[in-house]
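Analysis of the macromolecular model
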Amino acid sequence: MSPSTAPQEGAEPEGQAGRAAVTQAGSDAVGETAQPSPVPKGRSGSRRLTLWEKLFAAVHRNWPIRSASLNFALLYGVVFFTSATVFLSFTWWNATRLLEHHVQTSIQTEAHDMMRRWMYGGPQVVSDSIEHRLDQNVDEDALYLLVTPEGQKLAGNLPGWPPGVTSTHRFYETTVRRYSFVTQALLHAYNLPDGYRLIVGHDVRGRHVLQQIMTETLVWCAIMIAFLALCGALVMRILFQHVVRSIARTTSAVAQGDLSHRIPLNGSETDLVATTVNAMLDRLKRLMDGVRQVSNAIAHDLRTPVARARTRLEDAALHARTETDLRNAITQALTDLDHITGIFEALLRIAQIEAGARRAAFAPLNVTPNLYGIAELYEASMEERGLKLKLDLQETPEIIGDNRMLQQAVANLLDNAVKFAPPGSTITLSARPLRVMEDSVPTGVEISVSDEGPGMSAADMARAHERFFRAENARSTPGSGLGLSLVQAVAALHRGQLSLSDTHPSGPFAPHDGTVDQDTAHGNSPASDENPLRSRGLRATLQLPLGNPRDILPKEG
């Protein structure tokens, strides 16, 4: 790393006049939210189950099969078989209904023709028409009977009036004798003028034979469908077990410590589960890496103050001659221990924020007045160090958030800027509404702190929010590397983001140690009055959305 890009650390702010008030406020706020969130009154914790839910629960309790894959396969088979059976049953019913309707329509048509002939010629014409129709009936399925008022047969192929046919307003399906055999017939009776009566019908033996054939066909179809449903159910069970085994293999590998294992994607609907589990594992791996990094950083950063405190106490115990020497040694050791305690308190605050406990204090707030108050606290300490504070605060919309946590985050950014800004430079605190387009409705608030310090390299900016991250060139400065981690946690709590960039993204730049980089030394980018040599600087930007009113938890009365 070149001296010109000496990074700023993500340091926890300390040693500043304005820091004390804001830090105390933020610390108190975290302590307050350690309590569980209040539960709104008047809401029942349970609801009455419906009849279907009770029935389902009872069946689920008493169902003997506990295998999820087998239950899924059985459900698939039952649904497939039921739907196919309903379809075939509808086909059978519709076909028989159409056959019967065709026969009834044919009977009514022939009967109307007979009545029309009666109007022109009377009984003789109708009798001749019946005989002619019987001669032309090749299938021998037409049935006719014309009788006199006394019941004597005039024409037709029925031996006599069927005893069950008494009404002329409906069809009768009955058994009749034809010649030397008995058959099923569909008949309809009609009253003619002068007391004559007429029966027109059809032999429906063929329809019954067709219904029997269709029934046998549908039964065999149902058997084949049941077999196919069983095969499909087995295939579904195999696929289900394949998905479960894939997830089981991955979780088993994770349980054994291999966090690099992932569920393969196969392009099916199960990819939704696989993608979710893989994202969870990615998050878990990042957290484990973070824990590992934090553990290493704690061991590295706490070793020095602990060893220093022990050495001082040991030296005082062996060489102190007066009470004053002992008191000085104890005071210095307490200072080192207070620094260690501060590190653990910062870690606790970050953990509470990342856990979402701080949302209990969410309320509507306007950040601009708060920023004026923070600036007033920092002006005196900045003047002592020869720094100028420039304010560029616009009117911002109201957001939903934790006021004290936001104050803590802005204080951390200002302390970080004060720590690295050279004397005589300017630190800018700005705020403006966030808009998708210039004239659109604001969607959030942007708060930024800019300095004219040495800046950071792109690689260090990417890691600045990590806990205990401190670049080598910044290890000589006070701090623990937790300041930007807390700001990042506050941003995530508010569903926002923290971004770092150069205050002056174009060169030439003056390195932190006052030397000139190689390009400037060789005259490739000389400084001038119009383009003076300057530091890269760092801009920390906190973008916060307007927030969701549902984040505001009701207070207990």
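Refer to the structure above for everything that follows.
These remarks concern the structure in this document. (Residues numbered from 1 in each chain as written. Predicted model: local features only at pLDDT ≥ 70, side-chain atom pairs only at ≥ 80, totals over all residues. Heavy atoms only, no water.)

A look at the overall build of the protein
So the rule is basically this: Under the scheme used here, helices are H or I runs from DSSP no shorter than 4 residues and strands are E runs no shorter than 2 residues, and both carry numbers assigned from the N terminus. Categorising residues by exposure relies on relative accessible area from a 1.4 Å probe, with only protein chains included: less than 20% of the type maximum marks a residue as buried, more than 50% marks it as exposed, and the intermediate range marks it as partly exposed. Pairs of residues are marked as contacts when any of their non-hydrogen atoms sit within 4.5 Å. Only the protein chains shown count as covering a residue, and every accessible area follows the Shrake-Rupley method with a 1.4 Å probe.
Along the protein, the regular secondary structure elements total twelve helices and twelve strands. Counting the 557 residues in the protein, one finds 38% classified as buried. In the protein, once contacts between residues fewer than 6 apart in sequence are set aside, the share between residues at least 24 apart is 71%. Counting only carbon and sulfur atoms, one obtains 58% of the accessible surface of the protein, whose full area is about 32,300 Å².

Some details on unusual backbone geometry
In this structure, Asp-194 is a non-glycine residue whose phi angle is positive, near 65 degrees. Within the fold, Asp-194 resides in the loop between β4 (181-191) and β5 (197-203). In the Ramachandran plot, Arg-495 falls in the positive-phi region, its phi being about 60 degrees despite a non-glycine side chain. On the secondary structure map, Arg-495 appears in the loop between α11 (483-493) and β11 (497-501).

A few points about a nonpolar patch on the surface
To keep things clear, this is the line we draw: Think of a patch as exposed residues, more than 30% relative accessible area, with no salt bridge, where like charges cluster within 9 Å and nonpolar side chains (Val, Leu, Ile, Met, Phe, Trp, Tyr) cluster within 5 Å. Basic side-chain nitrogens of Lys or Arg form a salt bridge, by our definition, when they fall within 4 Å of a carboxyl oxygen of Asp or Glu.
On the surface, Tyr-76, Phe-80, Phe-227 and Leu-228 cluster together into a nonpolar patch covering about 390 Å² of accessible area. Of all elements in the fold, only α3 (68-121) and α5 (205-255) reach the threshold of two or more residues within the nonpolar patch. Assignment of secondary structure puts Phe-227 in helix α5.

Some points on the environment of His-208
Positionally, His-208 belongs in helix α5. The class of His-208 is partly exposed, set by a relative accessible area of 26%. Along the primary structure His-208 and Thr-96 are separated by 112 residues, whereas in three dimensions their C-alpha atoms are 9.2 Å apart.

A closer look at helix α8 (residues 367-384)
Selection rule: One less than the number of residues in a helix, times 1.5 Å, gives the span that helix is expected to have. Across the chain, bend at a residue is computed as the angle between axes fitted to the seven residues ending at that point and the seven starting from it. Side-chain atoms alone can form a polar contact between residues adjacent in sequence; in general such a contact is a pair of N or O atoms within 3.5 Å, and within protein one must be able to donate a hydrogen while the other accepts it.
Helix length check: α8, at 18 residues, gives a terminal C-alpha distance of 27 Å against a target of 26 Å (1.5 Å per residue), a fit within 8%. Approximately 35 degrees is the largest bend angle found in α8, and it occurs at Tyr-378. Of the positions making up α8, those classed as buried are Val-367, Thr-368, Leu-371, Ile-374, Ala-375, Tyr-378, Ser-381 and Met-382. Sitting at the head of α8, Asn-366 places a side-chain oxygen 3.2 Å from the backbone nitrogen of Thr-368.

Remarks on the environment of Thr-250
Mapped onto the elements, Thr-250 comes out in helix α5. Under the relative-accessibility criterion, Thr-250 is labelled buried at 1%. Between the C-alpha atom of Thr-250 and that of Val-277, which follows or precedes it by 27 residues, the distance is 9.4 Å. If we skip the residues at most four places from it in the chain, Thr-250 touches His-261, Arg-262, Ile-263 and Leu-281.

A look at the nonpolar core
For clarity, the threshold we go by: We call a set of buried Ala, Val, Leu, Ile, Met, Phe, Trp, Tyr and Cys residues a nonpolar core when their side-chain atoms join them within 4.5 Å.
Among the nonpolar cores identified, the biggest contains 51 residues, and Ile-427, Leu-429 and Ile-447 are the most heavily contacted of them. Per element, the largest residue contribution to this core is nine residues, and it comes from helix α9 (residues 403-420). Counting residues in each nonpolar core, the second largest holds 19 residues, with Ile-107, Trp-118, Leu-146 and Leu-198 among its members.

Regarding the pattern of salt bridges
Scanning the entire structure with this criterion turns up seven salt bridges. For Asp-113, the salt bridge is made with Arg-117, and the minimal N-O distance between the two is 3.0 Å. Taken together, the residues Asp-113 and Arg-117, both in helix α3 and four residues apart, mark about one turn of the helix. We classify Arg-117 as partly exposed; its relative accessible area is 32%. The salt bridge involving Glu-314 is made with Arg-310; its shortest N-O contact spans 3.1 Å. Taken together, the residues span about one helical turn, with Glu-314 and Arg-310 both in helix α6 (residues 271-319) at a distance of four residues.

Some points on the sheet that holds β4
Put simply, the test is: Pairing between strands is defined by DSSP: at least two bridges between the two strands are required. Between N-to-C directions, angles cover 0 to 180 degrees, with each direction set by a line fitted to C-alpha atoms, over the stretch in contact for helices.
In space, the five strands of this open sheet follow the order β2-β1-β5-β4-β3, with antiparallel pairing throughout. Strands with a single pairing partner mark the edges of an open sheet, and in this sheet they are β2 (153-156) and β3 (172-178). With strand direction ignored, the average angle separating the axes of adjacent strands in the sheet is 30 degrees. Sheet topology places β3 next to β4; seven bridges connect them, and they run antiparallel. Residue pairing for β4: Thr-174 is matched across the bridge by Ala-185. The sheet contacts of α5 involve β3, β4 and β5, and relative to β4 the element is tilted by about 120 degrees.

Here we look at empty space enclosed by the protein
To be explicit about the condition: Within this scheme a cavity is a closed region of a 1 Å grid, computed over the protein atoms alone, that accommodates a 1.4 Å probe without allowing it to escape, whereas a pocket is open but has protein on both sides within 12 Å along at least five of seven lines; lining residues each have an atom within 4 Å of a point. Grid points are joined across faces, edges and corners, and a volume is the space filled by probe spheres set on the points. In this count, Pro and Cys sit with the nonpolar residues alongside Ala, Val, Leu, Ile, Met, Phe, Trp and Tyr, while Asp, Glu, Lys and Arg are called charged and the others, Gly among them, polar.
In the structure shown here, the tally under the stated rule is two cavities of 30 Å³ or more. There is about 70 Å³ of room inside the largest cavity. Leu-413, Asn-416, Val-449, Leu-538 and Ala-540 are the residues nearest the centre of the largest cavity, which is lined by eleven residues in total. Broken down by secondary-structure element, the contributors of at least two residues to the lining of the largest cavity are α9 and β12 (539-545). By residue number, the principal contributor to the lining of the largest cavity is α9, which donates three residues. Here the residues of the lining of the largest cavity are counted per class, giving seven nonpolar, two polar and two charged. Space inside the second largest cavity adds up to approximately 50 Å³. Taken together, Val-367, Asn-370, Leu-371, Ile-374, Asn-403, Leu-406, Gln-407, Val-410 and Ile-447 make up the full set of residues lining the second largest cavity.

Nothing here speaks to function; it is all geometry.
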